[in-house]
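So you can see what is in the structure, the chains are spelled out below.
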Amino acid sequence: MLAYSFTAFGQLCRLDAKYEERTSRVILDWNMISHSTKTTYILLRSTDKKTWTEIVTDKMMKHYSEEDIFDYDDKVNRDEKYFYRLKIIDANNNTITLSNIAAINTVTDKSPWLLYPNPVNDILHLTYQGNNIIKGVINVTVQDMAGKIVIRFRAASINKKLEIPVTQLRKGIYIIQISIMNEIIMNQQFARN
């Protein structure tokens, strides 16, 4: 399963997106924190960040807290890029806020990042072998097989070699992802011995 999490900077909503390669589905989750004027959320999808298509619309019917999580599974085509965002509107159809944009890349390119050793005992190494300049902060997340993020790591774009300590992880299979500028660059499983 490919997965990456994106968090909005505002407090009204947070949109997370994960790509499951095996089923070609994007799994979207978001929380809604009640606001006196919030009445409806609209989930939008785009392939170019210019033209947005409404894929889910729902009226908010109760007082929501941060623990209230909504989800939606979107069946997508492989070898494309998708962008998602939430639009929250009031009873007069005025936009209150837009969430972060979650980018999902289903293109099956070979990653320029080398991961070793696999399986790993204590330190997982990531080495950039690409020729292009890395533009943006390198975001690394490690998830367990249930999708829970167990490690978050950020590095400056000048780093070509990263070391991720994994001694606190239980033995098992994990998914590591590298994203730069909200785009998944690498997604790979590894085993912790």
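Keep in mind the model is a prediction, meaning the values are calculated, not measured.

### Comments concerning the sheet that holds strand β9 (residues 113-116)
The sheet built from three strands is open, its strands ordered β9-β10-β13 with antiparallel pairing. If you trace the sheet from one side to the other, it starts and ends with β9 and β13 (161-165), each paired once. Sheet twist, expressed as the mean angle between neighbouring strand axes with direction ignored, is 20°. Pairing geometry for strand β10 (residues 123-128) and β13, over five bridges, is antiparallel. When the bridges of β13 are listed, Thr127 appears paired with Lys161.

### Looking at the confidence of the model for the protein
Per-residue pLDDT for the protein has a mean of 83; in total, 84% of the residues score no lower than 70. Across residues 1-11, where pLDDT falls below 50, the model places 45 contacts with residues more than four positions away in sequence or in other chains.

### A short note on the nonpolar core
Counting 22 residues, the largest nonpolar core has Trp113, Leu126, Ile138, Ile176 and Phe190 as its most contacted members. For this core, the secondary-structure elements that each account for two or more residues are β9, β10, β11 (138-144), β12 (149-155), β13, β14 (172-180) and β15 (183-192). At four residues, the largest contribution of residues to this core is made by β14. Beyond its immediate sequence surroundings of up to four residues, Trp113 is in contact with Leu126, Thr127, Tyr128, Ile134, Ile138, Asn159, Lys160, Leu162, Ile178, Ile185 and Met186. Cys13, Tyr19, Ile55 and Val56 belong to the second largest nonpolar core, which has 20 residues in total.

### With respect to the sheet that holds β15
Strand pairing within a sheet occurs via backbone hydrogen bonds; the two strands may be parallel or antiparallel. The antiparallel open sheet is built from four strands, whose spatial order is β12-β11-β14-β15. The sheet terminates laterally at β12 and β15, the two strands that pair on one side only. Pairs of neighbouring strands in the sheet enclose a mean axial angle of 15°, with direction left out of account. Inspection of the sheet shows β11 paired to β12 by six bridges, in the antiparallel sense. Across the sheet, residue Val140 finds its bridge partner in β12, namely Phe153.

Conventions used here
Numbering of residues starts from 1 in every chain and runs along the sequence as written. Selection of residues for local features in this predicted model requires a pLDDT of at least 70, selection of side-chain atom pairs for listing and counting requires 80 or more, and totals for whole chains, interfaces and linings are taken over all residues. Here the side-chain values reflect all heavy atoms present in the structure, with hydrogen atoms and water set aside. Following DSSP output, two strands are said to pair if at least two bridges run between them. Going along the chain from the N terminus, every DSSP run of H or I of four or more residues is numbered as a helix, and every run of E of two or more is numbered as a strand. Comment: axis = line fitted to C-alpha atoms, over the contacting stretch for helices; angle = value between 0 and 180 degrees taken between N-to-C directions. For every residue, the predictor reports its confidence as pLDDT, a number between 0 and 100. Pairs of residues are marked as contacts when any of their non-hydrogen atoms sit within 4.5 Å. In plain words, nonpolar cores are sets of buried Ala, Val, Leu, Ile, Met, Phe, Trp, Tyr and Cys residues tied together by side-chain atoms within 4.5 Å. Using a 1.4 Å probe on the protein chains alone, a residue whose accessible area is under 20% of its type maximum counts as buried, one over 50% counts as exposed, and one in between counts as partly exposed.

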